[in-house]
Amino acid sequence: MKYIHSIIFLLSIVSFLSAQSDFSYFFREDKLRFDYWIGGNRENTKIDSCGLYYDKNWGGSKINAIDTFLYGELLLEVFDSVSNMLIYSRGYSSLFKEWQITNEADSLMRKFKESVVMPFPLNTVRIQVSERSYDMSFRRIFSMFFNPGIYNIEEKVMPADVRVRVVLANGDVCSKVDLAFLSEGYLADDSVKFFRDVQKTIMELFQWDPYYNYETSFNIYAVFIPSASRLISRGSNTLSETALHTHFNTFGSERYLTTEDIWKVRDVVSGIPYDQLCIIVNTDKYGGGGIYNYLTLYTSDNEFSEFLFHHEFGHGFASLADEYYSSLVPYNTNFSLNYEPYQPNITTCIDFQGKWKSMISDTVPIPTPNLKIYAGVVGLFEGARYTDKGVFRPYLDCTMKSKINNAFCPVCKRAIERMIRFYAPE
Ligand SMILES: [Zn+2]
């Protein structure tokens, strides 16, 4: 009898622990921030821990603590140390992983600052980071235990010169997409312009399909940090005195706008319950960058700023791939065609069924010729992700392919909607 009681007790614990919804059993509603260096070359990646920090206010989902998309080049996983059960995970990408596919990585070693956040654990956990291999599987590259009871942890607090405005409030941060816009290249006197630029982007966000159906699924913050200069750096070697150290010309691509100082970016948003970070760069130059579950950057005053935001946020929020294939990019584009890419809007047809095959009507030829008569229909068009052979996209033209406004293809729209619902279930 005692034996049966024990079994029933154990079964009840297992069913209790295995539900996605047991967030409060494992975590408090604050963040654990993990800063690290990641370095290597084309073949090798190494992570060195640099610091763990307490950061108030968790904004991520409590229902969907486990990532069901598994997009991105890296995967953060948190395991309960007693049961070894996975209790939190997030796929993401990073600047280092992009550098790793540039030609420079064949002959050089480099290292980059990186940072991830996770909900703050109540008990000892094992934190694990894995990288995606050429065959699309994940391989562990880092693991450490963290015991919140004995770790003497520093709290990260927002710098004194940061000003935050809640510009859209729709309620519980754990069941909404929480978006934080940060200023870059705005002087202390430019705050009015920054808040106006945020409002302009929000208006443009909710004018686009599919976002216009989901305004109540978002909370939005405008986070103003003054820069000592309006001059945005032209490259990473000569950084000017802007707050977040962004620069153009990343990996030799003039329009590619990034920052290598993610630690500073995270400092600025300390205490804010965010899911996604967007940096508005105060210039009329054309440029942007979007890295999945990491950062979105775009310039404020270019004639294509609206397109830049949407295109880059497509990368940053929904892991959409570039659908273009003829522009010059800094990457070695020799990807294997023997594996299915993880991004939802491209395919090598290794697993086309798992992508958008069901959205193609019977009258559309597969593959679909790149001809204007097939504009406006979902098909299988050859040419995407920087190559004109072997990688296919779903539409003749889409915002992930070229500078057109209000025109995500149906497959990209579906991917964006799925991601919104992941954070903000209906
Ligand atoms: Zn698309």
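Before any of the text, the structure's been laid out above.
Every value quoted in this text rests on a predicted model; they were computed, and no experiment measured them.

> Is there a simple way to think about the overall build of the chain in this case?
The secondary structure content of the chain amounts to seven helices and 18 strands. Each principal axis of the C-alpha atoms in the chain carries an extent, and together these give about 75 × 60 × 50 Å. Among the 426 residues that make up the chain, the fraction classed as buried is 57%. Taking the intrachain contacts of the chain between residues at least 6 apart in sequence as the baseline, contacts between residues at least 24 apart amount to 67%. Placing the 42 positive and 50 negative side-chain charges of the chain at their respective mean positions leaves the two points 1 Å apart.

> Can you walk me through the coordination of the zinc ion in this structure?
The textbook angles at a metal center are 109.5 degrees for a tetrahedron of four donors and 90 or 180 degrees for an octahedron of six. Taken together, the protein ligands of the zinc ion are Glu323 (OE), Cys398 (SG), Cys409 (SG) and Cys412 (SG), with distances of 2.0 to 2.4 Å. Given four donor atoms and angles of 93 to 126° at the metal, the environment of the zinc ion is assigned as tetrahedral. Of note, the zinc ion draws all its donor residues from one chain, in the sequence arrangement E-x74-C-x10-C-x2-C. Taken together, the residues span a long stretch of sequence, with Cys398 in the loop between strand 18 (387-393) and helix 7 (410-423) and Cys409 in the loop between strand 18 and helix 7 at a distance of 11 residues. According to the relative accessible area criterion, Cys398 is buried, its value standing at 0%.

> Looking at this structure, I do not really get unusual backbone geometry. What am I missing?
Leaving glycine aside, a negative phi is the common case for residues, and trans is the common case for peptide bonds. Note the cis peptide between Asp209 and Pro210, where omega equals 10°. Structurally, the position occupied by Pro210 is in the loop between helix 4 (191-205) and strand 11 (218-224). Here the bond from Ile366 into Pro367 is cis, since omega is -5°, no more than 30 degrees from zero. Relative to the helices and strands, Pro367 is located in the loop between helix 6 (305-318) and strand 17 (381-384). Residues other than glycine seldom take positive phi values, yet Leu70 does so here, at roughly 55°. By the element assignment, Leu70 lies in the loop between strand 2 (45-55) and strand 3 (74-80). Positive phi outside glycine occurs at His245, with the angle close to 55°.

> Is there a simple way to think about the nonpolar core in this case?
One broad rule of soluble globular proteins: the nonpolar side chains tend to lie buried together. Core analysis: the biggest nonpolar cluster contains 67 residues, and Phe34, Met118, Ile127, Val129, Leu182 and Val223 have the highest contact counts within it. The contact partners of Ile127, leaving out residues within four places of it in the chain, are Leu32, Phe34, Leu52, Leu76, Glu77, Met118, Phe142, Ser143, Met144 and Phe146. With 52 residues, the next largest nonpolar core counts Leu179, Tyr214, Ile280 and Tyr423 among its residues.

> Please explain the sheet that holds strand 11 as it appears in this structure.
Think of a sheet as strands paired side by side through backbone hydrogen bonds, with each pair either parallel or antiparallel. Ordered by their spatial adjacency, six strands build an open sheet running 9-11-10-14-16-15, and the pairing between neighbours is mixed. In this open sheet, the two strands that pair with only one neighbour each are strand 9 (163-168) and strand 15 (288-291). The mean inter-strand angle of the sheet, taken between neighbouring strand axes irrespective of direction, is 20°. Looking at chain direction, strand 10 (residues 177-184) and strand 14 (residues 276-281) are connected through six bridges and run parallel. Looking across to strand 14, one finds that Leu179 is bridged to Gln276. With respect to the sheet, helix 4 is in contact with strand 9, strand 10, strand 11, strand 14 and strand 16 (295-299), its orientation differing from that of strand 11 by roughly 155°.

> Please explain the pairing of strand 2 as it appears in this structure.
Regular strands place side chains that alternate from one sheet face to the opposite one. Pairing geometry for strand 1 (residues 27-40) and strand 2, over 10 bridges, is antiparallel. Bridge assignment links Trp37 to a residue of strand 2, and that residue is Asp48. Counting the residues that bridge the hairpin from strand 1 to strand 2 gives four residues. Relative to strand 8 (residues 154-155), strand 2 is paired through two bridges, and the arrangement is parallel. The residue of strand 8 that forms the bridge with Tyr54 is Glu155.

> Is there a simple way to explain the packing of helix 4 against helix 6 in this structure?
The angle between the axes and the distance between the axes are what describe a pair of packed helices. Where helix 4 contacts helix 6, the two axes come as close as 10 Å, and the packing angle between them is 70°. Our classification of the angle between helix 4 and helix 6 gives roughly perpendicular. Every pair of crossing elements has a handedness; the one defined by helix 4 and helix 6 is right-handed. Contacts between helix 4 and helix 6 involve Lys200, Thr201, Glu204 and Leu205 from the former and Ser305, Glu306, Phe309 and His310 from the latter. Per-class residue counts for the contact of helix 4 with helix 6 are two nonpolar, three polar and three charged.

> Teacher, can you tell me more about the environment of Arg33 here?
Relative to the helices and strands, Arg33 resides in strand 1. Apart from the residues within four sequence positions on either side, Arg33 is in contact with Gly51, Leu52, Tyr53, Ser115, Val116, Val117, Lys156, Trp263, Arg266 and Asp267. One polar contact links Arg33 to Asp267, side chain to side chain, over a distance of 2.8 Å.

Scoring rules and cut-offs
Residues numbered from 1 in each chain as written. Predicted model: local features only at pLDDT ≥ 70, side-chain atom pairs only at ≥ 80, totals over all residues. Heavy atoms only, no water. Helix = DSSP H or I, 4+ residues; strand = E, 2+ residues; numbered from the N terminus. Buried < 20%, exposed > 50% of the residue type's maximum accessible area, 1.4 Å probe, protein only. Contact = heavy atoms within 4.5 Å. Lys, Arg positive; Asp, Glu negative; His and termini not counted. Charge placed at Lys NZ, Arg CZ, Asp CG, Glu CD. Donors = N, O, S within 2.8 Å, 3.2 Å for Na, K, Ca; no water. Tetrahedral: all angles 85-135°; square planar, octahedral: opposite > 155°, others 65-115°. Core = buried A, V, L, I, M, F, W, Y, C linked by side-chain atoms within 4.5 Å. Pairing = 2+ DSSP bridges. Axes fitted to C-alpha atoms, helices over the stretch in contact; angles between N-to-C directions. Parallel < 35°, antiparallel > 145°, perpendicular 65-115°, else oblique. Left-handed = near helix turned anticlockwise from the far one by under 90°. Nonpolar A, V, L, I, M, F, W, Y, C, P; charged D, E, K, R; others polar. Polar contact = N/O pair within 3.5 Å; in protein donor to acceptor, adjacent residues only side chain to side chain.

It is worth stressing that arrangement in space is one thing and function is another; only the former is reported here.
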